[in-house]
Amino acid sequence: MIRAFGHGIVKRVKDWPEERRLEVCRHYVDTVTANIETFLHGRSAMTMWLESAETDFPAFLDRINAKGDLEAALAEWSVKHNASKKPALSSS
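Residues numbered from 1 in each chain as written. Predicted model: local features only at pLDDT ≥ 70, side-chain atom pairs only at ≥ 80, totals over all residues. Heavy atoms only, no water.

1. Considering the overall build of the protein chain
Inference 1: Within the protein chain one finds 4 helices and 0 strands.
Inference 2: The order of α-helices and β-strands along the protein chain, N terminus first, is α-α-α-α.
Inference 3: Compactness check: the protein chain gives a C-alpha radius of gyration of 19 Å against a globular reference of 12 Å for 92 residues, more than 25% above the reference.
Inference 4: Per-residue burial for the protein chain yields a buried fraction of 10% across its 92 residues.
Inference 5: Considering only contacts within the protein chain whose residues lie at least 6 apart along the sequence, 15% involve residues at least 24 apart.
Inference 6: Put simply, the protein chain shows about 8400 Å² of open surface, and 57% of that area lies on carbon and sulfur atoms.
Inference 7: Both charge centroids of the protein chain, one from 13 positive and one from 13 negative side chains, sit 11 Å from each other. (Helix = DSSP H or I, 4+ residues; strand = E, 2+ residues; numbered from the N terminus. Rg over C-alpha atoms; globule rule 2.2 N^0.38 Å. Buried < 20%, exposed > 50% of the residue type's maximum accessible area, 1.4 Å probe, protein only. Contact = heavy atoms within 4.5 Å. Areas by Shrake-Rupley, 256 points an atom, 1.4 Å probe, with all protein chains shown as cover. Lys, Arg positive; Asp, Glu negative; His and termini not counted. Charge placed at Lys NZ, Arg CZ, Asp CG, Glu CD.)

2. Quick word on the packing of helix H1 (residues 2–9) against helix H2 (residues 21–40)
Inference 1: For the pair H1 and H2, interaxial distance at closest approach is 10 Å and the crossing angle is 85°. Here H2 runs roughly perpendicular to H1, going by the angle between their axes. Contact with H1, carried on its side by Ile2, Phe5 and Gly6, involves Val24, Cys25, His27, Tyr28 and Thr31 of H2 and no other residues of that element.
Inference 2: Grouping the amino acids of the contact of H1 with H2 by side-chain chemistry returns 5 nonpolar, 3 polar and no charged. (Axes fitted to C-alpha atoms, helices over the stretch in contact; angles between N-to-C directions. Parallel < 35°, antiparallel > 145°, perpendicular 65-115°, else oblique. Nonpolar A, V, L, I, M, F, W, Y, C, P; charged D, E, K, R; others polar.)

In structure tokens form, the structure reads like this:
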């Protein structure tokens, strides 16, 4: 996404110099955040934290009047995807 943003949206033909790459990433985050905030302006919204999905997700489902198997939906939050890949960051 950053590469596409840095070349396609910001319109830089060459790769960004190493010392400016973090700046491009921050610009991307600022742009996406501003777009989301603009989209949500004047709309009813809810924040759902992934760290507390066990409590936030049922509240979200209730808010949108969702129907279905709540236990199965909650179980999906425990599914590990790409579990065979090594983590991108070391915890040491």
